[in-house]
Amino acid sequence: MDILEELWYGNICPMEISHIESKPEYKEALQLVNKNTERLKAQLTPEQTDLLLRYCESRNELSNITELDAFKSGFKLGAGLVMETIK
């Protein structure tokens, strides 16, 4: 199977190929986010904690939309570069 067929049939998932989790700066930032979130949650009322969780969910949704757009733009750019090279 070629790469386009692999992509079509869902055998390739760019999000699973990412190696960002192994980068030290990613791990450090993630630990900091988790630490600060826990510290904040410890000081909040249940209503404020619920609001914080809804805020985090909204930010995650926004990030997903942004990441999808960046993926599409990058894919289109890559395809455009390939097209230019075969002209």
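Residues numbered from 1 in each chain as written. Predicted model: local features only at pLDDT ≥ 70, side-chain atom pairs only at ≥ 80, totals over all residues. Heavy atoms only, no water.

Q: Looking at this model, I keep getting lost on the pattern of salt bridges. Mind explaining?
A: Note on pairing: side chains with opposite charge can pair once their charged atoms come close. Summed over the entire model, instances satisfying the criterion amount to 2 salt bridges. Across the salt bridge formed by E38 and K41, the nearest N and O atoms sit 3.7 Å from each other. Of this pair, E38 and K41 both sit in helix α3 (residues 24-43), 3 residues apart, which is roughly one turn of the helix. Note that R54 is salt-bridged to D50, the shortest N-O span being 3.1 Å. Taken together, the positions of R54 and D50, both in helix α4 (residues 46-85) and 4 residues apart, correspond to about one turn of that helix. Note on R54: relative accessible area 46%, which makes it partly exposed. Classification of D50 as partly exposed rests on a relative accessible area of 38%. (Salt bridge = Lys/Arg side-chain N within 4 Å of Asp/Glu carboxyl O. Helix = DSSP H or I, 4+ residues; strand = E, 2+ residues; numbered from the N terminus. Buried < 20%, exposed > 50% of the residue type's maximum accessible area, 1.4 Å probe, protein only.)

Q: What am I meant to see in the environment of K41 here?
A: We classify K41 as partly exposed; its relative accessible area is 28%. Discounting residues that sit within four places of it in the chain, K41 has contacts with T49 and L52. (Contact = heavy atoms within 4.5 Å.)

Q: So what exactly am I meant to see when it comes to a nonpolar patch on the surface here?
A: A cluster of nonpolar side chains, namely I3, L4, L7, L68, F71 and F75, defines an oily patch on the protein surface of about 600 Å² accessible area. Put simply, the parts of the chain that give the nonpolar patch at least two residues each are α1 (3-8) and α4. Mapped onto the elements of the fold, F75 is located in helix α4. With a relative accessible area of 44%, F75 lands in the partly exposed category. (Patch = residues over 30% accessible without salt bridge, like charges linked within 9 Å, V, L, I, M, F, W, Y side chains within 5 Å. Areas by Shrake-Rupley, 256 points an atom, 1.4 Å probe, with all protein chains shown as cover.)

Q: What should I look at first to understand the side chain of T49 in this one?
A: Residue position: T49 is located in helix α4. The residues touching T49, leaving out its near neighbours within four places in the chain, are K41 and L44.

Q: Looking at this model, I keep getting lost on the packing of aromatic side chains. Mind explaining?
A: Geometrically, a pair of aromatic rings is defined through the distance of the ring centres and the angle of the planes. Under the criterion given, the structure shown has 1 aromatic pair. When the centroid spacing of 6.1 Å and the interplanar angle of 40° are considered together, the rings of F71 and F75 count as tilted. Linking F71 with F75, this pair stays in helix α4, spanning 4 residues, or about one helical turn. Its relative accessible area of 40% is what places F71 among the partly exposed residues. (Phe/Tyr/Trp six-rings, centres within 6.5 Å; stacked < 30°, edge-to-face > 60°.)

Just geometry here; none of it tells us what the structure is for.
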